[in-house]
Amino acid sequence: GDFITRKGDAGDPMYFIATGSCVCTLDGRELERLGKGQCFGEICLINMCKMLSDGRTEDEARTRCCRGADIVASERTEILEFRFEDAWPLMRRVPNLWYTLQDIAKQRMVRIQSTELSKSRMTSLQG
């Protein structure tokens, strides 16, 4: 499939999957499958907003917040962009958006850590 983002790319924008599906990979290993209605890039968006809240410049936030994994379309996929310049004012005015994105990011990290733990157990059982 086609790469939508690559590890190390700039962290803006965040994406929502309108149709189709994607695979999140890191160093060639599948971390997660994403489908219609799911999003990715929320961790970078949250980090950029945190940096601005802490007094950093937008340029610094954009430079320092990079993608942590590759996202590859696994079929014909339509995505919607949620850009930082649109998100930042909303995050400040609509706190529930901030909390929702944080919850999504936490759930994603738990799923990825669980997947990694399961894979490492399988490897040690096979070895």
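Just so we're clear, the structure is a prediction, and the values are computed from it rather than from any experiment.

Cut-off values and rules
- Residues numbered from 1 in each chain as written.
- Predicted model: local features only at pLDDT ≥ 70, side-chain atom pairs only at ≥ 80, totals over all residues.
- Heavy atoms only, no water.
- Helix = DSSP H or I, 4+ residues; strand = E, 2+ residues; numbered from the N terminus.
- Expected span 1.5 Å × (residues − 1).
- Buried < 20%, exposed > 50% of the residue type's maximum accessible area, 1.4 Å probe, protein only.
- Pairing = 2+ DSSP bridges.
- Axes fitted to C-alpha atoms, helices over the stretch in contact; angles between N-to-C directions.
- 1 Å grid on protein atoms, 1.4 Å probe; cavity = no way out; pocket = protein on both sides within 12 Å on 5 of 7 lines; lining within 4 Å.
- Points joined across faces, edges and corners; volume = space filled by probe spheres on them.
- Nonpolar A, V, L, I, M, F, W, Y, C, P; charged D, E, K, R; others polar.

1. Structural notes on helix H1 (residues 42-53)
- Over its twelve residues, H1 runs 16 Å from end to end, which matches the ideal 16 Å to within 8%, given 1.5 Å per residue.
- Taken together, the buried positions of H1 are Glu42, Cys44, Leu45, Ile46, Met48, Cys49, Met51 and Leu52.

2. Here's the deal with the sheet that holds strand E3 (residues 21-26)
- The four strands are arranged E1-E6-E3-E4 in an open sheet whose pairing can be described as antiparallel. Sheet topology places strand E1 (3-5) and strand E4 (29-35) at the edges, where each strand pairs with a single neighbour. Each adjacent strand pair in this sheet contributes to an overall mean axis angle of 30°, direction not counted.
- The pairing of E1 with strand E6 (residues 70-73) spans two bridges and is classified as antiparallel. In the sheet register, threonine 5 faces E6, and the bridge partner there is isoleucine 71.

3. Let's talk about the layout of surface pockets
- For the largest pocket, the calculated volume is near 390 Å³.
- Residue lining of the largest pocket: 24 residues in total, with Cys24, Ile43, Gly68, Ala69 and Arg108 positioned closest to the centre.
- Put simply, the parts of the chain that give the lining of the largest pocket at least two residues each are E3, E4, H1 and helix H4 (95-126).
- In the lining of the largest pocket, the residues fall into 13 nonpolar, four polar and seven charged.

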